[in-house]
Amino acid sequence: MARAGFESLERCLEKHLPLADLQEVKRILYGKETRKLDLPSRAFEAASKGDFELQGYAFQAVAEQQRRPRTVRMGLVQNRTPLPADTPVVKQVTALHRRIEAIVEVAAMCGVNIICFQEAWTMPFAFCTREKLPWTEFAESAEDGPTTKFCQELARKHDMVVVSPILERDTEHGDILWNTAVVISNSGAVLGKTRKNHIPRVGDFNESTYYMEGNLGHPVFQTQFGRIAVNICYGRHHPLNWLMYSINGAEVIFNPSATIGVLSESLWPIEARNAAIANHCFTCAINRVGEEFFPNEFTSGDGKKAHRDFGYFYGSSYVAAPDGSRTPGLSRNRDGLLVTELDLNLCRQVNDIWGFKMTGRYEMYARELAEAVQPNYSPKIVKE
Ligand SMILES: NC(=O)NCCC(=O)O
């Protein structure tokens with residue numbers, strides 16, 4: 001059972017373990033220690049006034065002789081939906097814009113260069129209901145919808161790249177919906193968009209009722225602060241999805257998510273972190289927080305009673321580095337901003353040590369996978 005009151009794994013370990021044991025446990029569970037970032041006190045004051053958590057960590061890379069450090073600051077935002085799901089749509093969206101605006105102000109005080117919000121951040125995660133209205137009314141144009149315009153203003157004001165995962169309404173192609181992340185340059189221009197490649201059909205994640213698998217492949221966005229990609233939520237269970245962003249050159253892959261404790265909490269610390277290790281890149285895992293209740297009861301197809309809540313979104317957003325180190329997670333219960341300082345040179349440094357890009361047998365996998373997806377394929381099982 002996912003318990004709302006349980007604050008975080010880190011707080012629990014810190015509370016109960018003697019210091020010497022704690023250090024060993026952290027070394028094994030979290031890898032090389034991340035340094036606490038010295039963030040401005042006015043940022044902490046603003047976060048406390050705005051009732052959200054602020055944490056900051058820096059990953060270390062070795063100084064090189066021929067390349068300068070490529071130091072960038074990432075901001076990960078996790079939040080509750082501030083208004084009940086039966087509030088009029090525009091009021092809910094506006095309240096979320098105001099909430100995010102306040103958090104982005106603090107990110108700017110902390111020198112954040114690239115910020116990413118949670119999956120479908122402008123709405124409650126209503127796909128559990130399988131109802132269309134009013135939830136499809138949260139969908140917007142990725143190019144010029146109100147949320148993109150709002151994020152463009154934030155980007156220009158704070159000289160910050162904004163990754164904005166929304167429910168997209170594609171008016172150019174039959175008004176259909178997509179689960180999309182819009183990437184907005186720090187200049188304020190829309191750099192492009194990317195779509196969720198893998199749609200869950202698990203538990204109450206009835207998302208294929210609303211949109212299908214993305215058709216934009218694995219784009220990587222060259223920003224002033226490094227090459228970034230977005231692997232939306234359920235895509236994190238698919239190692240090849242992470243791989244393709246990495247093959248296209250991503251140095252940082254964001255994983256904006258919405259997931260609940262009973263389903264995935266034990267997988268959460270592993271998957272994005274493993275992707276950072278396997279692909280020699282940084283990964284940023286973001287999850288929403290709290291409980292969301294819907295006006296009408298729905299069933300989960302599990303023989304249990306109909307209910308109005310989705311389950312507990314456990315937050316716990318974190319960043320993992322190519323050397324396997326990771327930050328502590330944000331809280332399971334509170335809105336939060338996680339600021340991390342990365343030296344992107346670490347990607348190549350770890351690549352040179354471990355050499356997964358060099359030792360990966362991509363041509364062999366490509367050939368065997370091409371065979372395996374043929375209808376007449378039979379698995380190569382050697383029998384006596
Ligand atoms: N939003 C989403 O894809 N959730 C699916 C559940 C999970 O991936 O943990």
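Residues numbered from 1 in each chain as written. Predicted model: local features only at pLDDT ≥ 70, side-chain atom pairs only at ≥ 80, totals over all residues. Heavy atoms only, no water.

An unreviewed UniProt entry annotates the protein as Beta-ureidopropionase of Lipotes vexillifer.

(A) Region of the structure containing unusual backbone geometry. A cis geometry characterises the amide bond from L133 onward to P134, with omega recorded as 5 degrees. By the element assignment, P134 lies in the loop between strand 4 (114-116) and helix 5 (146-158). Within the chain, H280 stands out as a residue other than glycine whose phi angle is a positive 55 degrees. As for its placement among the helices and strands, H280 is situated in the loop between helix 8 (268-279) and strand 13 (282-286). (Helix = DSSP H or I, 4+ residues; strand = E, 2+ residues; numbered from the N terminus.)

(B) Fine view of a nonpolar patch on the surface. Residues L240, Y365 and L369 make up a contiguous nonpolar surface patch of about 300 Å² in total accessible area. Look at L369 and you get partly exposed, because its relative accessible area is 43%. (Patch = residues over 30% accessible without salt bridge, like charges linked within 9 Å, V, L, I, M, F, W, Y side chains within 5 Å. Areas by Shrake-Rupley, 256 points an atom, 1.4 Å probe, with all protein chains shown as cover. Salt bridge = Lys/Arg side-chain N within 4 Å of Asp/Glu carboxyl O. Buried < 20%, exposed > 50% of the residue type's maximum accessible area, 1.4 Å probe, protein only.)

(C) Local environment of the site of the ligand. As a matter of local geometry, the ligand sits amid 14 residues, with E119, K196, C233, H237 and T259 nearest to it. Here an oxygen atom of the ligand and a side-chain polar atom of R236 are 2.9 Å apart. H237 has a polar side-chain atom sitting 2.6 Å from an oxygen atom of the ligand. When the residues that make up the shell around the ligand are grouped by side-chain class, the tally is seven nonpolar, three polar and four charged. (Near = heavy atom within 4 Å. Polar contact = N/O pair within 3.5 Å; in protein donor to acceptor, adjacent residues only side chain to side chain. Nonpolar A, V, L, I, M, F, W, Y, C, P; charged D, E, K, R; others polar.)

(D) Spotlight on empty space enclosed by the protein. Tallied over the entire structure, the rule returns one cavity of 30 Å³ or more. The computed volume of the largest cavity comes to approximately 40 Å³. K32, E33, T34, A58, F59, Q60, D323 and S325 together form the lining of the largest cavity. Taken together, the residues of the lining of the largest cavity break down into two nonpolar, three polar and three charged. (1 Å grid on protein atoms, 1.4 Å probe; cavity = no way out; pocket = protein on both sides within 12 Å on 5 of 7 lines; lining within 4 Å. Points joined across faces, edges and corners; volume = space filled by probe spheres on them.)

(E) A look at helix 6 (residues 239-247). Considered for burial, the residues of helix 6 that qualify are N241, W242, L243, Y245 and S246. Looking one or two residues beyond helix 6, the residue adopting positive phi is G249, at roughly 100 degrees.

(F) Up close: the packing of aromatic side chains. A complete count under the given rule lists 17 aromatic pairs for this structure. Ring geometry for F205 and F310: centres 4.8 Å apart, planes at 55 degrees, overall tilted. Note that F205 is positioned in strand 9 (residues 205-206) and F310 in the loop between strand 16 (307-309) and strand 17 (313-314), a separation of 105 residues in sequence. A single burial state applies to F205 and to F310, both of which are buried. With a centroid separation of 5.6 Å and 40 degrees between ring planes, the pair formed by W354 and F356 is classed as tilted. W354 sits in the exposed class, given a relative accessible area of 58%. When its relative accessible area of 26% is taken as the criterion, F356 is described as partly exposed. (Phe/Tyr/Trp six-rings, centres within 6.5 Å; stacked < 30°, edge-to-face > 60°.)

(G) Looking closely at the state of the cysteines. Tallying each qualifying case throughout the model produces zero disulfides. With no disulfide of its own, C281 lies closest to C347 among cysteine sulfurs, the gap being 6.4 Å. (Disulfide = S-S within 2.5 Å.)

(H) Seen up close, the pattern of salt bridges. If you walk through the whole model with that rule in mind, you get 26 salt bridges. Here E251 makes a salt bridge to R70, at a shortest N to O gap of 2.8 Å. Of the two residues, E251 sits in the loop between helix 6 and strand 12 (252-256) while R70 sits in the loop between strand 2 (53-58) and strand 3 (71-78), which places them 181 residues apart along the sequence. Exposure remark for R70: the relative accessible area of 30% places this residue in the partly exposed category. Here E207 ties to K196 by a salt bridge, and the two come within 2.6 Å at their closest N and O atoms. Here E207 is found in the loop between strand 9 and strand 10 (221-223), whereas its partner K196 is found in the loop between strand 7 (190-195) and strand 8 (201-202), with 11 residues between them in sequence. Residue E207 is classed as buried on the basis of its relative accessible area, which comes to 0%. Relative accessible area serves as the criterion here: at 1%, K196 is assigned to the buried category. Look at the salt bridges and you will find they share partners, linking E143, E168, D170, K193 and R195 into a network.

(I) Layout of the side chain of N206. Its place among the elements puts N206 in strand 9. Judged by relative accessible area, N206 falls into the buried class, the value being 16%. Side-chain polar atoms of N206 contact the backbone oxygen of C128, separated by 3.2 Å. Here N206 is in contact with F127, C128 and R130, once residues within four sequence places are set aside. (Contact = heavy atoms within 4.5 Å.)

(J) Region of the structure containing the environment of E153. Mapping E153 onto the fold places it in helix 5. C-alpha of E153 to C-alpha of G188: the two residues are 35 residues apart in sequence and 6.7 Å apart in space.

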